[in-house]
Amino acid sequence: MRIIALVFLLCVASVIEAAQMPLSVLPGGAVVYKPIQSVRERKFADLVQQKTDFSCGAAALATILRQAYWLDVSENQIIEGMLAHSDQNLVRVQGFSMLDMKHYVESIGMRARGYRVATETLNEIKIPVVVLMDIRGYKHFVVLQKVQKDWVYIGDPVLGHKRYKIDDFVKGWNGIIFAVIGQGYDKTNALLDPPIPLTAKSRINAFSPVQDAELMDFGFIQSDFF
């Protein structure tokens, strides 16, 4: 009977709380939940996904405006705003440019600056910026979130959170960053602390055995038998 009741509770919980997983049932029927996140949700956490073939720049810009400046803007709104200040025929052929993004940013009362950055000073970038990468022959705007040690953390509107060794990143980068400057910048915004991409290798590297001193925290009782 208890098993049937538990199964029933799990089924109800799965319908009501799609983002939570029931772990166990406590005495008295209380259910313990743990928030869960799908691989896809984790992959695009805090990023605006690209919806059209030519909107990577709009999605990357929307990501920065939403997360770093808390502006309620969507990819579509930015596309419409950039089209109002660009050559639409050229956009259909080549997509949006950094100049189109600059015009849009200035139209909403903010400033945009493009800077050429040397490889050795990449780690001095302390704000999320838009960069243009050449990925297998395709020009693609992404968000450079941070550079830490030998890694460049990227928010890709198509691929989600990625990270590259600095040498690999530089091979596909044109050496220019596009920075948005304005009031209301959140110095603790989520883009500065991106999740580590989920890979088997990263999980293995992060693994470390539980030390003896920590076993008590996991419910183990010390014994002198072995």
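Per an unreviewed UniProt entry, the protein goes by the name Peptidase C39 and belongs to Pseudomonas frederiksbergensis.

**Structural notes on the packing of aromatic side chains**
For the structure shown, the criterion picks out three aromatic pairs. For the ring pair Phe 54 and Phe 96, a centre distance of 5.8 Å and an interplane angle of 50° mean the geometry is tilted. You can see Phe 54 sitting in the loop between helix H2 (39-43) and helix H3 (56-69) and its partner Phe 96 sitting in the loop between helix H5 (88-94) and helix H6 (98-107), a full 42 residues away along the chain. Judged by relative accessible area, which is 35%, Phe 54 ranks as partly exposed. A cation over a ring is seen here: Lys 146 above Tyr 153, with NZ or CZ 5.1 Å from the ring centre. Over the ring of Trp 151 we find Arg 163; its NZ or CZ atom is 3.9 Å from the centre of that ring.

**A short note on the environment of Gly 184**
Its place among the elements puts Gly 184 in the loop between strand S8 (173-181) and helix H8 (200-206). The exposure class assigned to Gly 184 is exposed, which follows from its relative accessible area of 54%. Sequence separation between Gly 184 and Trp 70 is 114 residues, and the spatial gap between their C-alpha atoms is 7.9 Å. Every residue in contact with Gly 184, bar those within four places of it in the chain, is listed here: Ala 68 and Tyr 69.

**Considering the pairing of S8**
Within a regular strand, the side chains alternate between the two sheet faces. Across six bridges, strand S3 (residues 111-116) lies against S8 in antiparallel orientation. Bridge pairing links Arg 113 to Ala 179 in S8. Relative to S8, strand S4 (residues 129-135) runs antiparallel, the two sharing three bridges. Bridge pairing in S8 links Met 133 to Trp 173.

**Examining the sheet that holds S8**
In any sheet, the strands associate via hydrogen bonds between backbone groups, in a parallel or an antiparallel arrangement. On the basis of which strands lie adjacent, the open sheet formed by six strands has the order S3-S8-S4-S5-S6-S7 and antiparallel pairing. Looking along the sheet, the strands with just one partner apiece sit at the ends: S3 and strand S7 (160-165). Here the strands of the sheet are splayed against their neighbours by 35° on average, with no regard to which way each runs. Bridge count for strand S5 (residues 138-148) against strand S6 (residues 151-156) is five bridges, and the pairing is antiparallel. Along S6, the bridge assignment pairs Lys 146 with Tyr 153. Running over the sheet, H3 touches S4, S5 and S8 and is turned about 25° from S5. Each of S3, S4, S5 and S8 is contacted by H6, which is oriented at about 5° to S8, the strand it contacts most.

Each value, and the rule that gives it
Residues numbered from 1 in each chain as written. Predicted model: local features only at pLDDT ≥ 70, side-chain atom pairs only at ≥ 80, totals over all residues. Heavy atoms only, no water. Phe/Tyr/Trp six-rings, centres within 6.5 Å; stacked < 30°, edge-to-face > 60°. Helix = DSSP H or I, 4+ residues; strand = E, 2+ residues; numbered from the N terminus. Buried < 20%, exposed > 50% of the residue type's maximum accessible area, 1.4 Å probe, protein only. Lys NZ or Arg CZ within 6 Å of the ring centre and 35° of its normal. Contact = heavy atoms within 4.5 Å. Pairing = 2+ DSSP bridges. Axes fitted to C-alpha atoms, helices over the stretch in contact; angles between N-to-C directions.

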